[in-house]
Amino acid sequence: MKHYPFPHLRTKLPGPQARRIIATDERFVSPSYTRGYPCVAEKGRDVILTDIDGNEFLDFCAGIAVCATGHCHPEIVAAIKAQAEKLIHMSGTDFYYEVQAVLARKLNRLAPGSHQNHVFFTNSGAESIEAAIKLARYKTGRSRLVAYIGAFHGRTLGALSLTGSKVIQKQGFAPLLQGVTHIPYPYCFRCQFGQKNGSCRIECFKYLENILFQKTVPPTEVAAIFIEPIQGEGGYVVPPREYLVELQKLARKFGILLVADEVQCGMGRTGRMFASEHFGFVPDIICTAKGIASGMPLGAIIARADIMDWPPGSHASTFGGNPIACAAALKTIELLEHGLMGNATRMGNYLMQRLQRMMKKHAIIGDVRGIGLMVGIEIVKNRRTNEPDPKTRDKILDEAFYQGLILLGCGPNSIRFAPALTVTRDHIDCCLGILERIIRKIRKR
Ligand SMILES: Cc1ncc(COP(=O)(O)O)c(C=O)c1O
């Protein structure tokens, strides 16, 4: 078995410094956060994260699919430093500065479709969703919205109204936005309509067209349909291309705006700048954040210029489009275009192939799916019934941490692989070696 220099654990986990920090955190930080295991990050370089006790972990979550260029990429650090020396903040709401205008021009060029776009800058994914909700309502003069079961769009009240992921996220926060309807996502592995993958006639789409829009929701009152081109928190679910093609036709027919939530699947992670491109999907509004600036807080919505024609004062943000975040985004995009997106495709294919081989050996892997470096596996009781096994999934994530591998779950029983786009074959081999050892151990119990 090949020996890798990573991960490298020096103390029992959590180490003494980690325990000290966790004790402070538990006293003073909001208990609403969902820490699965005691990881106290001190520094990061590429795909290696070092904790406060000097333990080095192999990081396959990249700060929840954010640090696309790896932790503290030297060129990102240099871009941040150079901008910080010149201008830290001015507020793009009331003033002009070059990096914001240049980044908007760049995003306009990168967005799918040949039309001209306008860009509105935010600080996070949820804020991008809020901006898209407001823009869609403003532009159409309609109030209703359609979103998907399993979707995660964020936790501010508008975004939360569209989220359909976990009840705990909504419990106690009503009333939310009125007029939001959730429909089943095209989730072929667990088809809500009892169809078999590959042989269906997209019954899930027909539900929208023939049931929802004919019985309960007048389509002419719908401002927008919000869809993640690949569902993220819901389980890394890849829809059939046909679904998105049909959705476009239907939306255009009724003048409904299509909003692609590319917060998790966008910015190069799938090997294309936007995941929509894999499906020939040309949204009216794209929401982005997470990977856009390699960890600096930035989000953006990119909308057709004839849609984003709201007047001065109708929407704005003090911090959105912060100069340092914009400088980091410009450098991130340069790195994505000059090698990292290609690597995401190559390494994503390699990861998928290796996982598919593992699935043949281990009946607790029910499904392997993804595009580029947005890859998920479902943990099931067995492949005959494919009954979800969230407990075993949680055990695997926990055990991985104690063996120096950082992984996150998604959906009720899936594991996501969302490493930095700099990841190599050695990193993948090491990650899957650890995972396989854990699965073997769990199956013996
Ligand atoms: C698809 C998607 N949309 C929106 C959000 C919300 O982003 P943020 O946490 O930056 O508000 C997330 C976060 O995980 C996401 O995955």
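A quick note: this is a predicted structure, and the numbers were derived from the prediction, not measured. (Residues numbered from 1 in each chain as written. Predicted model: local features only at pLDDT ≥ 70, side-chain atom pairs only at ≥ 80, totals over all residues.)

1. Considerations on the overall build of the chain
And then number 1: Across its full length, the chain carries 11 helices and 15 strands.
And then number 2: The C-alpha radius of gyration of the chain comes to 22 Å, within 12% of the 22 Å expected for a compact globule of 445 residues.
And then number 3: On the principal axes, the C-alpha backbone points of the chain span a range of 60 × 60 × 45 Å.
And then number 4: Residues classed as buried in the chain amount to 49% of the 445 residues present. (Helix = DSSP H or I, 4+ residues; strand = E, 2+ residues; numbered from the N terminus. Rg over C-alpha atoms; globule rule 2.2 N^0.38 Å. Buried ≥ 20, exposed ≤ 12 C-beta atoms within 10 Å, placed from the backbone.)

2. Quick notes on the site of the ligand
And then number 1: As a structural note, the neighbourhood of the ligand is formed by 14 residues, with Ser124, Gly125, Ala126, Gly154 and Val263 the closest of them.
And then number 2: Residues of the shell around the ligand, tallied by class, amount to 5 nonpolar, 6 polar and 3 charged. (Near = placed C-beta within 6 Å. Nonpolar A, V, L, I, M, F, W, Y, C, P; charged D, E, K, R; others polar.)

3. Comments concerning the domain arrangement of the chain
And then number 1: For the chain, the assigned domains are domain 1 (16-70 + 343-444) and domain 2 (90-321).
And then number 2: Its C-alpha centre places domain 1 at a distance of 26 Å from the equivalent point of domain 2.
And then number 3: With 24 residues of domain 1 in contact, the opposing surface of domain 2 contributes 21 residues.
And then number 4: Contributions of two or more residues to the side of domain 1 that touches domain 2 are made by helix 2 (62-65), helix 9 (323-361), strand 11 (365-371), strand 12 (374-379) and strand 15 (414-417).
And then number 5: Of the residues assigned to the side of domain 1 that touches domain 2, the class counts are 11 nonpolar, 9 polar and 4 charged. (Domains from an automatic or database assignment. Contact = placed C-beta atoms within 7 Å.)

4. Side note on the packing of helix 7 (residues 203-216) against helix 8 (residues 241-254)
And then number 1: Packing of helix 7 against helix 8 brings their axes to within 10 Å, and their N-to-C directions diverge by 15°. When the axis of helix 7 is compared with that of helix 8, the two are roughly parallel. Remark: the crossing between helix 7 and helix 8 carries right-handed chirality. Here Cys204, Phe205 and Glu209 of helix 7 come into contact with helix 8, specifically with Tyr243, Glu246, Leu247 and Leu250.
And then number 2: For the contact of helix 7 with helix 8, the residue count by class is 5 nonpolar, no polar and 2 charged. (Axes fitted to C-alpha atoms, helices over the stretch in contact; angles between N-to-C directions. Parallel < 35°, antiparallel > 145°, perpendicular 65-115°, else oblique. Left-handed = near helix turned anticlockwise from the far one by under 90°.)

5. Section: the sheet that holds strand 2 (residues 48-51)
And then number 1: The mixed open sheet is built from 4 strands, whose spatial order is 1-2-3-13. Taken across any chain shown, the strands that pair with only one partner, and hence form the sheet edges, are strand 1 (41-45) and strand 13 (405-406). (Pairing = 2+ DSSP bridges.)

6. Examining the nonpolar core
And then number 1: Counting residues in each nonpolar core, the largest one holds 131 residues, and the members touching the most others are Ala132, Ala224, Ile225, Val259, Ile285, Ile301 and Ala328.
And then number 2: Here the element with the most residues in this core is helix 9; it accounts for 15 residues.
And then number 3: Residue assignment places this core across two domains, with domain 1 (16-70 + 343-444) and domain 2 (90-321) each supplying three or more.
And then number 4: Once residues within four sequence positions are removed from consideration, alanine 328 is found in contact with Ile76, Ala79, Ile80, Ala293, Ser294 and Met296. (Core = buried A, V, L, I, M, F, W, Y, C linked by C-beta atoms within 7 Å.)

7. Focus on the pairing of strand 3 (residues 56-59)
And then number 1: Where strand 2 meets strand 3, 3 bridges bridge the pair, whose relative direction is antiparallel. Directly across from threonine 50, in strand 3, lies its bridge partner glutamate 56.
And then number 2: Taking the residues that link successive antiparallel strands as the turn, the strand 2-strand 3 hairpin has 4 residues, and the phi of glycine 54 there is positive, at about 85°.

8. Some remarks on the environment of isoleucine 396
And then number 1: If you trace the backbone, isoleucine 396 turns up in helix 10 (residues 390-402).
And then number 2: As for isoleucine 396 and isoleucine 379, which are separated by 17 residues in sequence, their C-alpha atoms are 9.5 Å apart.
And then number 3: Those residues in contact with isoleucine 396 that lie beyond four places of it in its chain are Ile379, Ile415, Ile438, Ile439 and Ile442.

9. Some details on the environment of threonine 163
And then number 1: Turning to its location among the elements, threonine 163 is positioned in the loop between helix 6 (157-162) and strand 6 (180-183).
And then number 2: In this structure threonine 163 comes out as buried when scored by C-beta crowding, with 27 C-beta atoms within 10 Å.
And then number 3: In this structure the C-alpha to C-alpha distance between threonine 163 and serine 276, which are 113 residues apart in sequence, comes to 20 Å.

10. A closer look at the pairing of strand 2
And then number 1: Note: strand 1 against strand 2, 4 bridges, orientation antiparallel. Within the sheet, the bridge partner assigned to alanine 41 lies in strand 2 and is aspartate 51.
And then number 2: Where strand 1 folds back onto strand 2 in an antiparallel hairpin, the turn is made up of 2 residues, including aspartate 46, whose phi is positive at roughly 60°.

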